[in-house]
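An overview of the molecular structure
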Amino acid sequence: MVTKHPGKREPRLDRWLARYSAWAARRPWRVLACAFVVLAASWGTASRLQVKGDFVSLLPTESGTAQRFRAALERKVAGASTLVVVVESPDSSANERFVERLVSELRALPKGLVTSVQKGAGPERRYFYDQRWLFASERDLRLVRCELSQERERSTLGLGLDEPCAELVDDELRELGATSEQALSAPKAPQIPESGSTFSRLRQRVERELREQDRFKSDYFRNPSGNRYAVLVRAAGAGMGDFGSDELLHRATELVTALNPGQFQPAMTVGFAGDIPNALAERKSLIADIALVSGLALLLILAVLIGYFRSALPLLHVGLSAALGCGIAFATAKLAFGHLNMASGFLGSIIAGNGINIPMIYVARYRELRAQGEPLEGALCRAAVDCRRGTWLGAVAAAGAYLSLGVTSFRGFSEFGLIGGAGSLACWFAAFGACPAAIAALARFERESTPVSRSRSPRAAAALARLVTRRPALVLVVVASLAVALGPAIHGYISDPWEYDFGKLRSKSSAHAGAGHASVKADEIFGTRGAPDLLLASDMAHAAHVADAVVARDRALFGGKLVQRVTTVYDYLGGRPEVVRRKLEVLSDIRAELDRALPRLRGPDLELAREMRPPERLRPLTAADLPALLRERFTEADGRFGTSVFVELDPTLSRSRGEQLLKIADLLEGVREPNGQVVPNASRATVFAEMIRSMTRDAPRTIGVAFGVVVMVSILATGSPSAVFGVLCSLLLGVWLTLGAAACFDVRLNFLNFVALPLTFGIGVEYAINLMDRFRALRGDLSTSIKSVGGAITACSMTTLLGYGTLLAGDNLALQSFGKYAVFGELSCLFTALFVLPAGLQLLRQRRARGAAREAPSSAS
């Protein structure tokens, strides 16, 4: 802060600011009218903002992963996301009645909302049973043909071949160059031992694949005990929090409420699982947290202001400035982006908590001057001039820290940075533009005799001044010891500071009682862990190549441990065309062998032979033969058929672990068409993995830019190498302590809280700059400097801490982690600014005084 010195000409900016403050004091209503117009316009614009919980909206626009993800969704509109209704009660018949009623209601919803509704796999089960011969593996069919042939030769000719059929068949397949399609598409299920006659083995082999397809053993999606059923609803959209999915969940919830599950069975409960409710639960939790955090921050900040000023009147001045700053910030968001994302949605409490510092310092200085007897207009002008330099540079430092996030390609950070930077600067202009008018307008209604109370100067500031001026070395030794002690923990932390457990970044309530809890139950019914990952080949002929590429890549990168099953439309048509052709030839031979054997068979063997005889109707299957829902699953929006490739991963693989997501992304993103083009996929794992890679890539650049901005601001603020060194040492020590606290409390960086680090640079340096500015203005009077600004700095820090601290009350765990990191940074920088920097300055003064004392005798001699 700058004070006037006799004979020293004030900077031009200060003269302009003084003239404006005097004009605003004389014409306050004109200024306030303009302020309220800006307030109404900005908040009117901001009121149309929506909060996007879509993770894809956080990714860089030029991200290949995001582009391929969107391309896959555009191509595969039908069934891109899922809603699973989980019905639970001890009465299976009641569950089935409810499911039947619900399915009929859901199927009546508009096509734009629902693409398909399934209560079970009944049509698919009948389809597989009718075509069961084609779904037996080629090897099993060749074994049957070989054994029937050998059986005929033994019974009619009395011949017996010594070579086992298994060896003969394997040699045949090797000659054909064929690999078992079962190894590529079917899960590695344990083989059931074969026994009995040749004909009973025929039945076992033909029905082996049928058992693999028929996982539910009934026409309903249900668990074995029958106390839990599921209805699978497929819809268009990403299923990642996009607003288009809201209507479907809303309508489904209304239908369930209208059906009244309790009338079917008193203990019946209904929950919603799948992509859509999980993503919407996260978004709703975020929006609820924004409202909670903003309201709580407002109340607590008001309490701090009243406590600091010992009056409610300053709330009007400070509140108007903060409201203008926040309104302009969110209007900027609306004009620039049209939405708030998961990272920028809670900026209101942060901008208010930080931006309120500027009018606080201004009003505090004004009240201090008024208490000293300055007239109204003079106090307003002098307060503006005294506070302009420190607050402006602090606002620039904070805005620079925000805007440093703009150098990242990760939109979750860059959008946050632009909104926060605009808010920081807007709060400064609002404070110096509106506060003089607001104070002057209010003063006209006060009686002349009404004293202006002086802002509270805490006794703690005087105690702090005594400590750092009398025991500076002790303060520095204690802090240095603490910093050294944190060294090993920080070294281990910064080697890999990222949070890979996405389970720690979600809504607590959803995981324990909402969509997350219901999804666990749904996964138990379907025997999977989430929906399979979708890749889209350019045409049906390339789908088989893509499936082979996925399996080959899994074997090369992960030893074949990641992929459990790869499914193409060929798996529902009996195999790839060349395999089906060979199967039909083998089945024709089996039919001929059975026809020759029938006359000599009796009893159970005759019945088995008749039952398992391949019918003449068998032929290559086409899309028209598939059940409707199965056909839809492999049809794109433009009608292309058979391009979908579904990858089911190891069900023990956690989709909440970042390390696993990176593996899945490496697997899927490296799959290419025969022409070398990367195959687009709609895997949410690749989106999350891209978030991790983007943050890791952009973090060093962001921190470097933020630190560079702080260095420039410090140079402008102090103009002295020693002062710059002191301010930066205070800041860097604050960052070191912040990292130490994060390491000790295991608060790791994620897509939401990373912004706390550059913000710590910008906001934390403000306290050191203000103290150094006052110290230099008072010509090295350290004790008076601390008493003068120590209380204001602490009060400003309290409002910022409350803005951050209220994030800890949120339901979203990522939001809580941001609050923790930001609180660590704020407390650390406040501590170093009020303890370490003054102690260093005092020690330097003492050293210079001793040097001057030693030089004095020599000069005299």
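Predicted model, so just to flag it, every value in this text is computed and none were measured.

This brings us to the overall build of the protein chain. Helix and strand counts for the protein chain come out as 31 helices and ten strands. The buried share among the 861 residues of the protein chain stands at 56%. Put simply, of all contacts in the protein chain between residues at least 6 apart along the chain, 83% involve residues at least 24 apart. When the accessible surface of the protein chain is summed, it comes to about 35,700 Å², and 59% of that surface belongs to carbon and sulfur atoms.

As a further point, take the packing of aromatic side chains. By the definition in use, this model includes 22 aromatic pairs. An aromatic cluster is defined as three or more aromatic residues linked by ring pairs; in this entry it consists of Tyr127, Phe128, Phe135, Tyr572, Phe634 and Phe646. The ring of Tyr129 has Arg132 sitting right over it, with the charged end atom 4.1 Å from the ring centre.

This part is about a positive patch on the surface. A cluster of basic side chains, namely Arg466, Arg470, Arg471 and Lys787, defines a positive patch on the protein surface. Within the secondary structure, Lys787 is located in helix 30 (residues 782–805). You can call Lys787 partly exposed: its relative accessible area is 41%.

So, on to the pattern of salt bridges. Enumeration over the complete set of coordinates arrives at 34 salt bridges. Arg125 serves as the salt-bridge partner of Asp219, at 3.0 Å between the closest nitrogen and oxygen. Separated by 94 residues along the polypeptide, Asp219 in the loop between helix 10 (198–213) and strand 4 (221–222) and Arg125 in helix 5 (residues 122–130) bring together distant segments of the chain. Overall, the relative accessible area of 26% leaves Arg125 in the partly exposed class. For Glu636, the salt bridge goes to Arg640, with nearest N and O atoms at 3.2 Å. Overlapping salt bridges bring together Glu138, Arg142, Arg145, Glu172, Arg582 and Asp589 as one network.

In a pair of packed helices, the angle between the axes and the distance between the axes together describe the arrangement. The geometry of helix 18 (residues 459–470) relative to helix 30 is characterised by a closest axis approach of 9 Å and an angle of 150° between their N-to-C directions. Judged on the interaxial angle alone, helix 30 and helix 18 are roughly antiparallel. Two packed elements cross with a definite hand, and for helix 18 against helix 30 that hand is right-handed. Here Ala461, Ala462, Leu464, Ala465, Val468 and Thr469 of helix 18 lie close against helix 30, whose contacting residues are Leu782, Ser783, Ile786 and Lys787.

Below, the discussion takes up the pairing of strand 5 (residues 228–235). When you tally the buried positions in strand 5, you get seven out of eight residues, the bulk of the element. The pairing of strand 2 (residues 81–88) with strand 5 spans eight bridges and is antiparallel. In the sheet register, Leu83 faces strand 5, and the bridge partner there is Val233. Summarising the sheet, strand 3 (residues 116–118) and strand 5 pair through three bridges and their orientation is antiparallel. Residue pairing for strand 5: Val117 is matched across the bridge by Val233. Pairing of strand 4 with strand 5 involves two bridges; the strand directions are antiparallel.

To continue, consider helix 27 (residues 684–718). An α-helical segment advances 3.6 residues per turn. Residues three or four places apart therefore align on the same side. Here helix 27 spans 49 Å end to end across 35 residues, near enough to the 51 Å set by a 1.5 Å rise per residue. One side-chain oxygen of the residue at the start of helix 27 lies 3.2 Å from the amide nitrogen of Ala685, identifying that residue as Ser683. Gly719, located one to two residues past helix 27, shows a positive phi value of around 70°.

The three strands lie next to each other as 8-10-9, forming an open sheet whose pairing is antiparallel. Taken across any chain shown, the strands that pair with only one partner, and hence form the sheet edges, are strand 8 (533–536) and strand 9 (563–567). Neighbouring strand axes in the sheet, compared pairwise and without regard to direction, differ in orientation by 25° on average. Of the pairings in the sheet, the one linking strand 8 to strand 10 (residues 644–649) comprises four bridges and is antiparallel in character. Residue pairing in the sheet places Leu535 in a bridge with Val645 of strand 10. Running over the sheet, helix 22 (residues 540–558) touches strand 8, strand 9 and strand 10 and is turned about 175° from strand 9.

Next up on the list: the nonpolar core. Nonpolar side chains tend to gather and get buried jointly when the protein is soluble and globular. Counting residues in hydrophobic clusters, the biggest one holds 203 residues, and the most contacted among them are Met360, Tyr362, Phe416, Phe432, Phe751, Phe818 and Tyr821. Setting aside anything within four residues of it in sequence, one finds Phe818 in contact with Phe346, Ile350, Phe416, Leu752, Asn753, Val755, Ala756, Leu759, Tyr804 and Leu807. Counting residues in each nonpolar core, the second largest holds 29 residues, with Leu83, Val117, Tyr229 and Phe272 among its members.

Let us now look at helix 13 (residues 314–336). Counted at 1.5 Å a residue, the expected span for helix 13 with its 23 residues is 33 Å, and the 33 Å between its end C-alpha atoms agrees. Taken from the residues just after helix 13, Gly338 is the one with a positive phi, measuring 85°.

Before going further, it helps to examine a nonpolar patch on the surface. Judged by side-chain polarity, Leu292, Leu296 and Leu300 come together as a nonpolar surface patch covering roughly 210 Å² of accessible area. Leu296 sits in the partly exposed class, given a relative accessible area of 31%.

What follows deals with the pairing of strand 10. The side chains of a regular strand alternate between the sheet's two faces. Burial of strand 10 is extensive: six of the six residues sit out of reach of the surface. Alternating residues of strand 10 divide into Ser644, Phe646 and Glu648 and Val645, Val647 and Leu649, and every residue in both groups is buried. One ladder, built from four bridges, connects strand 9 with strand 10; its direction is antiparallel. Among the inter-strand pairings, Val566 is bridged to a residue of strand 10, identified as Val647.

Moving on, we come to the packing of helix 1 (residues 12–26) against helix 17 (residues 411–443). Contact pair helix 1 / helix 17: the axes reach a minimum separation of 8 Å and the direction vectors enclose 35°. Crossing geometry of helix 1 relative to helix 17 is assigned as right-handed. Between helix 1, through Leu17, Tyr20, Ser21, Ala24 and Ala25, and helix 17, the contact on the second element is made entirely by Phe432, Gly433, Pro436, Ala437 and Ala440. Within the contact of helix 1 with helix 17, the residues separate by chemical class into eight nonpolar, two polar and no charged.

So, on to unusual backbone geometry. At Asp746, a position not held by glycine, the phi torsion is positive, near 55°. You can see Asp746 is positioned in the loop between helix 28 (721–744) and helix 29 (756–777). The exposure class assigned to Asp746 is partly exposed, which follows from its relative accessible area of 42%. We note that Arg779 has phi near 55°; this positive angle belongs to a residue other than glycine. Structurally, the position occupied by Arg779 is in the loop between helix 29 and helix 30. What makes Arg779 exposed here is its relative accessible area of 70%.

Definitions and limits used
Residues numbered from 1 in each chain as written. Predicted model: local features only at pLDDT ≥ 70, side-chain atom pairs only at ≥ 80, totals over all residues. Heavy atoms only, no water. Helix = DSSP H or I, 4+ residues; strand = E, 2+ residues; numbered from the N terminus. Buried < 20%, exposed > 50% of the residue type's maximum accessible area, 1.4 Å probe, protein only. Contact = heavy atoms within 4.5 Å. Areas by Shrake-Rupley, 256 points an atom, 1.4 Å probe, with all protein chains shown as cover. Phe/Tyr/Trp six-rings, centres within 6.5 Å; stacked < 30°, edge-to-face > 60°. Lys NZ or Arg CZ within 6 Å of the ring centre and 35° of its normal. Patch = residues over 30% accessible without salt bridge, like charges linked within 9 Å, V, L, I, M, F, W, Y side chains within 5 Å. Salt bridge = Lys/Arg side-chain N within 4 Å of Asp/Glu carboxyl O. Lys, Arg positive; Asp, Glu negative; His and termini not counted. Charge placed at Lys NZ, Arg CZ, Asp CG, Glu CD. Axes fitted to C-alpha atoms, helices over the stretch in contact; angles between N-to-C directions. Parallel < 35°, antiparallel > 145°, perpendicular 65-115°, else oblique. Left-handed = near helix turned anticlockwise from the far one by under 90°. Pairing = 2+ DSSP bridges. Expected span 1.5 Å × (residues − 1). Polar contact = N/O pair within 3.5 Å; in protein donor to acceptor, adjacent residues only side chain to side chain. Core = buried A, V, L, I, M, F, W, Y, C linked by side-chain atoms within 4.5 Å. Nonpolar A, V, L, I, M, F, W, Y, C, P; charged D, E, K, R; others polar.

Structural measurements only, silent on function.
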